[in-house]
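# Tertiary structure, described
For reference, the chains in residue letters:
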Amino acid sequence: MAFPSTGESAGNGQRRRPNPSRRTRRMRPQLQRSRRLFLEPLEVRLLLSVTPALLHAQHAVFSGDASADNLYLRVSAAGVLEYSDTGSDDAYQCDLDPGTAGDQTLIVTPQTVVTVDLG
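Okay, so let's go over this structure.

Rules used throughout
Residues numbered from 1 in each chain as written. Predicted model: local features only at pLDDT ≥ 70, side-chain atom pairs only at ≥ 80, totals over all residues. Heavy atoms only, no water. Helix = DSSP H or I, 4+ residues; strand = E, 2+ residues; numbered from the N terminus. Contact = heavy atoms within 4.5 Å. Areas by Shrake-Rupley, 256 points an atom, 1.4 Å probe, with all protein chains shown as cover. Core = buried A, V, L, I, M, F, W, Y, C linked by side-chain atoms within 4.5 Å. Buried < 20%, exposed > 50% of the residue type's maximum accessible area, 1.4 Å probe, protein only. Phe/Tyr/Trp six-rings, centres within 6.5 Å; stacked < 30°, edge-to-face > 60°. Lys NZ or Arg CZ within 6 Å of the ring centre and 35° of its normal. Pairing = 2+ DSSP bridges. Axes fitted to C-alpha atoms, helices over the stretch in contact; angles between N-to-C directions. Polar contact = N/O pair within 3.5 Å; in protein donor to acceptor, adjacent residues only side chain to side chain. Patch = residues over 30% accessible without salt bridge, like charges linked within 9 Å, V, L, I, M, F, W, Y side chains within 5 Å. Salt bridge = Lys/Arg side-chain N within 4 Å of Asp/Glu carboxyl O.

This next bit is on the overall build of the protein. Secondary structure summary: the protein contains one helix and five strands in total. Element order for the protein, N to C, with α for helix and β for strand: α-β-β-β-β-β. For the protein, the proportion of contacts with a sequence separation of at least 24, taken over those separated by at least 6, is 43%. Total accessible area on the protein is roughly 9700 Å²; 53% of this is exposed by carbon and sulfur atoms.

This brings us to the nonpolar core. Residues Val50, Ala60, Phe62, Leu71, Leu81, Tyr83, Leu96 and Leu106 constitute the largest nonpolar core, which totals eight residues. Looking at this core, the elements with two or more residues in it are β2 (59-63) and β4 (81-84). With sequence-adjacent residues up to four places away left out, leucine 106 is seen in contact with Leu54, His56, Ala57, Gln58, His59, Ala60, Gly79, Val80, Leu81, Leu96 and Thr112.

Before going further, it helps to examine the packing of aromatic side chains. Applying the stated rule across the entire model yields one aromatic pair. It is arginine 74 that lies over the ring of tyrosine 92; its NZ or CZ is 3.8 Å from the centre.

To continue, consider the sheet that holds β2. In space, the three strands of this open sheet follow the order β1-β2-β5, with mixed pairing throughout. The strands lining the two open edges of the sheet, one partner per strand, are β1 (51-56) and β5 (113-117). Here the average twist between neighbouring strands, direction ignored, is 20°. Relative to β5, β2 runs parallel, the two being bridged by five bridges. For phenylalanine 62, the partnering residue across the bridge sits in β5 and is valine 116.

Attention now moves to the side chain of glutamate 82. Here glutamate 82 lies in strand β4. Given a relative accessible area of 15%, glutamate 82 falls into the buried group. Side chain to side chain, glutamate 82 and arginine 74 meet in a polar contact 2.7 Å long. Excluding residues that lie within four positions of it along the chain, glutamate 82 makes contacts with Tyr72, Leu73, Arg74, Ser76, Tyr92, Gln93 and Cys94.

Nonpolar side chains collect at one region of the surface, where Leu73, Val114 and Val116 lie side by side and expose about 210 Å² of accessible area between them. With respect to the helices, strands and loops of the structure, valine 114 is situated in strand β5.

Nothing here speaks to function; it is all geometry.
Right, here's the structure in full:
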């Protein structure tokens, strides 16, 4: 005995639309909800092309990588050496050892030595 496929009616040869199951109807709203994407903003990260180092209390070293590196130096009102790779006022930093917790700063005096090798 042959049974009609789900797309055909039993007697008249007309095609009818398959009726979705209750489970499929319940899952549709869940599938639609799971497709919404949200982006979470992260903190700003700055990757310098120049690496600072504090050799000792009065000697700072700045090293580059032979690409088109820029280095801007200034002394703050408090006498602290600050550096930037862009020169914009909000881009200056004073931490000469980013790998160590806290700011490792250098107070500029007549004995201060600054070595710069941009490659």
